[in-house]
Every structure is written in C-alpha cells, then in structure tokens.
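Observations on the three-dimensional arrangement
Listed below are the residues making up each chain.
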Amino acid sequence: MYFKVLALVFGLAAMLKPLYMHVLPWDEQAFLAKTYTQRRPPWVVPVALLGLALVALTWYVHFTTDVPYSLVITILFSLTAIKGLALLLDYERFQRWVAGMLAKDRGRQVVLVDVAAGVFGLGVVLLAVFVY
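Since this is a predicted model, take the numbers as computed values, not measurements.

Grouped together as the largest cluster of nonpolar side chains are twelve residues: Phe3, Leu6, Ala7, Phe10, Val55, Val61, Ile73, Leu76, Phe77, Ala81, Val124 and Ala128. Broken down by element, the residue count for this core peaks at four residues, all from helix H1 (residues 2-15). If we skip the residues at most four places from it in the chain, leucine 6 touches Gly11, Thr58, Ile73 and Phe77. Counting residues in each nonpolar core, the second largest holds eleven residues, with Met21, Leu87, Phe94 and Leu102 among its members.

Below, the structure written as structure tokens:
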C-alpha cells in the first residue's frame, strides 16, 4: 500500500503542476521569485531534509518488503533527491538557474519544465493505477 499511496500523491502533485502553476489565475513568476530569493530562506533546509528522509524511508521500505515493481517507484521518487541536494548543497546555483529561467522569454522555460513534470506525473499515476 505504501508504494501505491506514494505513487498517487507524488504523481498527482507532479501531474497537476502545470494546472496549479500556470492555468489558475495568479502570478506564478512572482511566487517563484519570492520563494527562491537570493539568500536561502529558512524553510529550505528542513523541507529538503524531510524530502531526503522520505526518499531514505522509501528505499528502506523497498528493501524490507516484497512488493513487486517497488524498485520502479523507488527510483522515480528518488529523482526528487536531486532538487533536495541542490537546495542544501548549492542553493546559490539553483537560485540563479530559476532566476535565469524566469528572465528569459517571460518564463517560457519554467512552463516547459512544469509541462514535463506533468507528463512525468501522469506516468507515475498510471503506474500506481495499473501496476500497484
């Protein structure tokens, strides 16, 4: 049940990202600029550590249970650790990357990243529904 719930929550959050970031009427670019300020906000470290702990828990559950295809969701979910590590170890570079995307083409790259996340999320939701 752990992998099904994880896949559904993780997949739905990613799949709906283009909707809640770009379709709903609000200024997502201003939100991203405020969220990823030049100085690392105080919330970044605890949130990143919590995310990395959840990835570690997922690996633990994978190794201690016998759930078919759990490795697939474990690896896909582990991709979130890339962002967590970037936020912890090199926040300044991550912030410059986000600011650069927001500055070019009225943030078109941000939209493309979010659409890619949506497609990825759809794949994870389909895995949750049809495999688990």
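There is more to say after this.
With that settled, the discussion passes to the confidence of the model for the chain. On average, residues of the chain carry a pLDDT of 92, and 100% of them reach 70 or more. Per-element confidence in the chain ranges from a low mean pLDDT of 87 for helix H2 (residues 17-23) to a high of 97 for helix H4 (residues 44-64).

A grouping of Leu12, Leu16, Leu19, Tyr20, Val23, Leu24, Trp26 and Phe31 is seen on the molecular surface, where their side chains present a nonpolar patch of about 700 Å² in accessible area. No other element matches H2, which puts three residues into the nonpolar patch. Given a relative accessible area of 36%, leucine 12 falls into the partly exposed group.

On inspection of all chains with the given rule, the structure shows two salt bridges. For the salt bridge of aspartate 114 with lysine 17, the shortest nitrogen-to-oxygen distance reads 3.1 Å. Taken together, the residues aspartate 114 in helix H8 (residues 108-130) and lysine 17 in helix H2 connect sequence positions 97 residues apart. Residue class for aspartate 114 comes out buried when judged on its relative accessible area of 2%. Look at lysine 17 and you get partly exposed, because its relative accessible area is 25%.

So, on to the packing of helix H5 (residues 70-78) against helix H6 (residues 80-89). Where H5 contacts H6, the axes come no closer than 4 Å and their chain directions differ by 30°. Considering the angle they form, H5 stands roughly parallel to H6. Contacts between H5 and H6 pair Leu76, Phe77 and Ser78 from the former with Thr80, Ala81 and Ile82 from the latter. Here the contact of H5 with H6 is built from residues that sort into four nonpolar, two polar and no charged.

What follows is about unusual backbone geometry. A negative phi angle is the norm for most residues apart from glycine, just as the trans form is the norm for most peptide bonds. Even without a glycine there, the phi angle at tyrosine 69 is positive, about 65°. Secondary-structure assignment places tyrosine 69 in the loop between H4 and H5. The class of tyrosine 69 is exposed, set by a relative accessible area of 57%.

The end-to-end C-alpha separation of helix H7 (residues 91-103) is 18 Å, in line with the 18 Å expected for 13 residues at 1.5 Å each. Among the residues of H7, Tyr91, Phe94, Gln95, Val98, Met101 and Leu102 are the ones counted as buried. Buried residues in H7, looked at end-on, bunch into an arc of 125°, giving them a common side. For H7, the exposed residues lying more than 90 degrees away from the buried face are Arg93, Arg96 and Ala103. Looking at the buried positions of H7, the neighbouring elements they touch are helix H3 (28-35), H4, H6 and H8.

Cut-off values and rules
- Residues numbered from 1 in each chain as written.
- Predicted model: local features only at pLDDT ≥ 70, side-chain atom pairs only at ≥ 80, totals over all residues.
- Heavy atoms only, no water.
- Core = buried A, V, L, I, M, F, W, Y, C linked by side-chain atoms within 4.5 Å.
- Buried < 20%, exposed > 50% of the residue type's maximum accessible area, 1.4 Å probe, protein only.
- Helix = DSSP H or I, 4+ residues; strand = E, 2+ residues; numbered from the N terminus.
- Contact = heavy atoms within 4.5 Å.
- pLDDT = per-residue confidence, 0-100.
- Patch = residues over 30% accessible without salt bridge, like charges linked within 9 Å, V, L, I, M, F, W, Y side chains within 5 Å.
- Areas by Shrake-Rupley, 256 points an atom, 1.4 Å probe, with all protein chains shown as cover.
- Salt bridge = Lys/Arg side-chain N within 4 Å of Asp/Glu carboxyl O.
- Axes fitted to C-alpha atoms, helices over the stretch in contact; angles between N-to-C directions.
- Parallel < 35°, antiparallel > 145°, perpendicular 65-115°, else oblique.
- Nonpolar A, V, L, I, M, F, W, Y, C, P; charged D, E, K, R; others polar.
- Expected span 1.5 Å × (residues − 1).
- Arc of directions from axis to C-beta.

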